[in-house]
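What follows is the residue order along each chain.
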Amino acid sequence: MRLVLVGPPGAGKGTQAEILSNKLGVPHISTGDLFRAHISQQTDLGKEVQEYLDAGELVPDEVTNEMVRARLAQGDAVNGFLLDGFPRNTAQAGVLSRMLAADGHALDAVLEFRIDEDVVVERLLARGRTDDKEDVIRHRQQVYRTETAPLLDYYADIVVTIDAVGDVEEISERALRALRALK
Ligand code: AMP
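Residues numbered from 1 in each chain as written. Predicted model: local features only at pLDDT ≥ 70, side-chain atom pairs only at ≥ 80, totals over all residues. Heavy atoms only, no water.

1. Notes on the overall build of the protein chain
Thinking step 1. In terms of regular secondary structure, the protein chain is built from nine helices and five strands.
Thinking step 2. Tracing the protein chain from N to C terminus, the helices and strands come up as β-α-β-α-α-α-β-α-β-α-α-α-β-α.
Thinking step 3. Expected size for 183 residues packed as a compact globule is a radius of gyration near 16 Å; at 16 Å, the protein chain falls within 12% of this value.
Thinking step 4. Across its three principal axes, the protein chain shows a C-alpha extent of roughly 40 × 35 × 30 Å.
Thinking step 5. A burial count over the protein chain gives 47% of its 183 residues as buried.
Thinking step 6. Considering only contacts in the protein chain between residues 6 or more positions apart, those separated by 24 or more positions represent 71%.
Thinking step 7. Distance between charge centroids for the protein chain: 4 Å, based on 21 positive and 31 negative side chains. (Helix = DSSP H or I, 4+ residues; strand = E, 2+ residues; numbered from the N terminus. Rg over C-alpha atoms; globule rule 2.2 N^0.38 Å. Buried < 20%, exposed > 50% of the residue type's maximum accessible area, 1.4 Å probe, protein only. Contact = heavy atoms within 4.5 Å. Lys, Arg positive; Asp, Glu negative; His and termini not counted. Charge placed at Lys NZ, Arg CZ, Asp CG, Glu CD.)

2. Some points on the packing of aromatic side chains
The description of an aromatic ring pair rests on the distance of the ring centres and on the angle between the ring planes.
Thinking step 1. The full count for this structure, using the stated rule, is one aromatic pair.
Thinking step 2. Ring centres of Tyr154 and Tyr155 lie 5.0 Å apart, and the angle between their planes is 90°; this geometry places the pair in the edge-to-face category.
Thinking step 3. Judged by relative accessible area, Tyr155 falls into the buried class, the value being 7%. (Phe/Tyr/Trp six-rings, centres within 6.5 Å; stacked < 30°, edge-to-face > 60°.)

3. Some details on the environment of Gly94
Thinking step 1. Position of Gly94 among the secondary structure elements: in helix H5 (residues 90-102).
Thinking step 2. Considered as a pair, Gly94 and Val120 are 26 residues apart in the sequence and their alpha carbons are 28 Å apart.

4. Some details on helix H2 (residues 31-40)
Thinking step 1. Every buried residue belonging to H2 is among Thr31, Gly32, Phe35 and Ile39, and all of these are buried. The arc enclosing the buried residues of H2, seen along the axis, measures out at 100°, which places them on a common side.
Thinking step 2. Looking at the buried positions of H2, the neighbouring elements they touch are strand E2 (28-30), helix H3 (44-55), helix H4 (61-72) and strand E3 (81-84).
Thinking step 3. Backbone geometry just downstream of H2 places Gln42 in the positive-phi region, at approximately 50°. (Arc of directions from axis to C-beta.)

5. A few points about the pairing of strand E1 (residues 2-6)
Thinking step 1. Where burial is concerned, most of E1 is hidden: five out of the five residues are buried.
Thinking step 2. Every second residue of E1 is oriented toward a common face, with Arg2, Val4 and Val6 on one face and Leu3 and Leu5 on the other, all of them buried.
Thinking step 3. Relative to E3, E1 is paired through four bridges, and the arrangement is parallel. The residue of E3 that forms the bridge with Arg2 is Phe81.
Thinking step 4. Relative to strand E4 (residues 109-114), E1 is paired through four bridges, and the arrangement is parallel. Considered in E4, the bridge of Val4 is made with Val110. (Pairing = 2+ DSSP bridges.)

6. Let's talk about helix H9 (residues 168-180)
Thinking step 1. Relative to the 18 Å expected for 13 residues at 1.5 Å per residue, H9 spans 18 Å between its end C-alpha atoms, a close match to the ideal helical length.
Thinking step 2. By the burial criterion, the buried members of H9 are Ile171, Ser172, Arg174, Ala175, Leu176, Ala178 and Leu179.
Thinking step 3. Buried residues in H9 make contact with E1, helix H1 (13-24), E4 and strand E5 (159-163). (Expected span 1.5 Å × (residues − 1).)

7. So, the layout of surface pockets
To find the voids left in a structure, one rolls a probe of water-molecule size over its atoms.
Thinking step 1. By volume, the largest pocket is sized at about 880 Å³.
Thinking step 2. Forming the walls of the largest pocket are 43 residues, and the residues nearest its centre are Pro9, Lys13, Asp84, Arg88 and Arg129.
Thinking step 3. Contributing elements (two or more residues each) for the lining of the largest pocket: E1, H1, E2, H2, H3, helix H6 (117-127), helix H7 (134-148) and H9.
Thinking step 4. The dominant element in the lining of the largest pocket, judged by the number of residues it contributes, is H2, at five residues.
Thinking step 5. Residue composition of the lining of the largest pocket, by class: 16 nonpolar, 16 polar and 11 charged. (1 Å grid on protein atoms, 1.4 Å probe; cavity = no way out; pocket = protein on both sides within 12 Å on 5 of 7 lines; lining within 4 Å. Points joined across faces, edges and corners; volume = space filled by probe spheres on them. Nonpolar A, V, L, I, M, F, W, Y, C, P; charged D, E, K, R; others polar.)

Have a look at this one:
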């Protein structure tokens, strides 16, 4: 299964992605995690992207797209994947479709985690990651609204929306049920 997760920062996508990745037997590919790994290993890419992550800005598309292209070319992603945090805008979505189409593939679904902004801001403040300061959090929510939420129209034909408020287990059950209903 080739799946994209979409939802505001703090919606619990990362946690759900881990669970769904195990249940569905496809790798969890998080662009945020990939960037953070580069930053902690102080690679050239890490140095290039650090300021964007610190400010809650999107990393430029060329950099992000090439990192994703390389990751999707790895053997474990050939038969499916769960993308978490990519695409983040419609330009990235276009690039992704073309990458997949080049191998005769396409996305099966886009899973939307729907949750109120105030709830996610509270959660993120509690999480305490380095980019979890209130002004940066608010900015990331705004970037989500303006840049990322339009993906829900872009992918309208394949979007499946679930309510992302509740227990971790309850939400993963909702997600699996919604995905099973697609078949
Ligand atoms: P996340 O872990 O998904 O919340 O992402 C953390 C940060 O990584 C974001 O605030 C961006 O700075 C950067 N990032 C992650 N994914 C992307 C993407 N697809 N395009 C651009 N920047 C990204």
